[in-house]
Amino acid sequence: MEHRNRAVLVSVEQFDPGVTLGRRPGAGKDAKTLHRTLSKLGFKVDIHTDLSRDEIYQLFLKESRRPVKDCFLAVLSSHGDDGCVFGADGKPVQLSRVFTYFNNEYMEKKAKVFLIQACRGPGLDDGVEVDSAGDTRECIISQHLSVPVDTAVMYATPPGYGAFMHPLGSVFLQTFCTLLKQEDNRNLELTRLMTRLSHTVAYSFQAKGGALAGKKEMPCFLTRLTREVFPFAEPGLSAISLVTTDESTRTPSIS
């Protein structure tokens, strides 16, 4: 039996009774949009909602040992802090632990992509350049070392900052799906697609109303890819290409 590219969506919208974390209206909308978008692109998509911390760990341990064609895509959407997202029981899921599950023979030479829709701190982005490296360098290095080779992680926001959620969905994941509706974007190599996603979110989104008025969001990309990856290209084509791909076949960069 021929294997397919797979996508696993973990979405926490409603937390358990007694957990002080608020409900996340819009998480369900994101899940439905992602399911529809990725299914059209040939992915086998599984959605898991309101899992506890241990259930999330167990899920990804299992998924990391299942066969996949060329690319495995994981989406984690919940409340979070830098280095973790929260299960429905309010307990932190350490992302570094999830990443390390995929450093195994089953996922060797497969592209692994993680999209993280969660806050990474309480900060709000005013749209100006700030220097926060002194506060986050150790955490960033730790997370980078836990990411296996041929893996890319796209966070909705940089370390220390919040990520926006709306009842109609998150700006990060909804923009991702909107970009994939266009063939030119689907055929982009992954790092260039993520650059376009960052550009679109950073320059097209601005919060409105109340204390959040004027605040921005800027996704953050971490990669250990060793080859070019085309996970959303026309079904039937390989999602992975060696770095030596002929330059003449590549789509021009955005300007």
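What is the right way to look at the pairing of strand 8 (residues 151-155) in this model?
Within a regular beta strand, the side chains point alternately toward one face of the sheet and then the other, so they alternate between its two faces. Where burial is concerned, most of strand 8 is hidden: five out of the five residues are buried. Here strand 8 shows two buried faces, one formed by Thr151, Val153 and Tyr155 and the other by Ala152 and Met154. For strand 7 (residues 111-117) and strand 8, the ladder comprises five bridges, and the chain directions are parallel. Within strand 8, the residue paired with Lys112 across the bridge is Thr151. Pairing geometry for strand 8 and strand 11 (residues 220-223), over four bridges, is antiparallel. From the neighbouring strand, Met154 faces strand 11, where its bridge partner is Phe221.

For this particular structure, what's the right way to read the nonpolar core?
Across soluble globular proteins, nonpolar side chains show a tendency to be buried alongside one another. Counting 34 residues, the largest nonpolar core has Leu38, Phe43, Leu115, Phe176 and Phe232 as the members making the most contacts within it. Looking at this core, the elements that each hand over two or more residues are strand 1 (6-11), helix 1 (27-40), strand 3 (71-77), strand 7, strand 8, helix 5 (171-180) and helix 7 (190-204). The biggest single contributor to this core is helix 5, with seven residues. Every residue in contact with Phe43, bar those within four places of it in the chain, is listed here: Arg4, Asn5, Arg6, Ala7, Leu38, Cys71, Leu73, Pro231 and Phe232. Core analysis: the second largest hydrophobic core is formed by 26 residues, Phe72, Val98, Phe114 and Tyr155 among them.

Whenever I open this one, unusual backbone geometry confuses me. Can you help?
Glycine aside, residues mostly have negative phi, and peptide bonds are mostly found in the trans state. Positioned with a positive phi, Asp50 is a non-glycine residue whose angle comes to about 55°. Counting through the fold element by element, Asp50 comes out in the loop between strand 2 (44-49) and helix 2 (53-63). By relative accessible area, which is 30% here, Asp50 ends up partly exposed. The phi angle at Lys109 is positive, at roughly 65°, despite the residue not being glycine. With a relative accessible area of 55%, Lys109 lands in the exposed category.

Looking at this structure, how should I read the packing of aromatic side chains?
Aromatic ring pairs are reported here in terms of the distance separating the ring centres and the angle at which the planes meet. Within the structure shown, the criterion is met by six aromatic pairs. Seen in terms of ring centroids, Phe99 and Phe114 are 5.0 Å apart; in terms of plane orientation they differ by 65°. Their pairing is edge-to-face. Of the two residues, Phe99 sits in helix 3 (residues 95-101) while Phe114 sits in strand 7, which places them 15 residues apart along the sequence. With respect to burial, Phe99 and Phe114 carry one shared label: buried.

Please explain the confidence of the model for the chain as it appears in this structure.
Interpretation of this model should avoid reading the predicted coordinates in detail wherever pLDDT is low. For the chain, mean pLDDT is 84; residues scoring 70 or higher make up 78% of the total. Note on residues 125-139: pLDDT under 50 across the span, and 11 contacts to partners over four residues away in sequence or across chains. Note on residues 242-255: pLDDT under 50 across the span, and 16 contacts to partners over four residues away in sequence or across chains.

What exactly am I supposed to notice about helix 7 here?
Residue pairs three or four apart in sequence face the same way in an α-helix, which turns once every 3.6 residues. In this model helix 7 runs 21 Å from its N-terminal to its C-terminal C-alpha over 15 residues, within 8% of the 21 Å that 1.5 Å per residue would give. Those residues of helix 7 not exposed but buried are Leu190, Leu193, Met194, Arg196, Leu197, Ser198, Val201 and Ala202. Its buried side turned inward, helix 7 meets strand 7, strand 8, helix 5, helix 6 (183-186), strand 11 and strand 12 (228-229).

Sorry if this is basic, but what is going on with the environment of Leu173 here?
Along the chain, Leu173 turns up in helix 5. On the basis of relative accessible area, Leu173 is assigned to the buried category, the value being 1%. Once the C-alpha coordinates of Leu173 and Asp30 are considered, the two residues, 143 residues apart in sequence, prove to be 6.5 Å apart. Sequence-distant contacts of Leu173, defined by excluding residues within four places in its chain, comprise Asp30, Leu34, Val75, Leu115 and Gln117.

Thresholds applied
Residues numbered from 1 in each chain as written. Predicted model: local features only at pLDDT ≥ 70, side-chain atom pairs only at ≥ 80, totals over all residues. Heavy atoms only, no water. Buried < 20%, exposed > 50% of the residue type's maximum accessible area, 1.4 Å probe, protein only. Helix = DSSP H or I, 4+ residues; strand = E, 2+ residues; numbered from the N terminus. Pairing = 2+ DSSP bridges. Core = buried A, V, L, I, M, F, W, Y, C linked by side-chain atoms within 4.5 Å. Contact = heavy atoms within 4.5 Å. Phe/Tyr/Trp six-rings, centres within 6.5 Å; stacked < 30°, edge-to-face > 60°. pLDDT = per-residue confidence, 0-100. Expected span 1.5 Å × (residues − 1).

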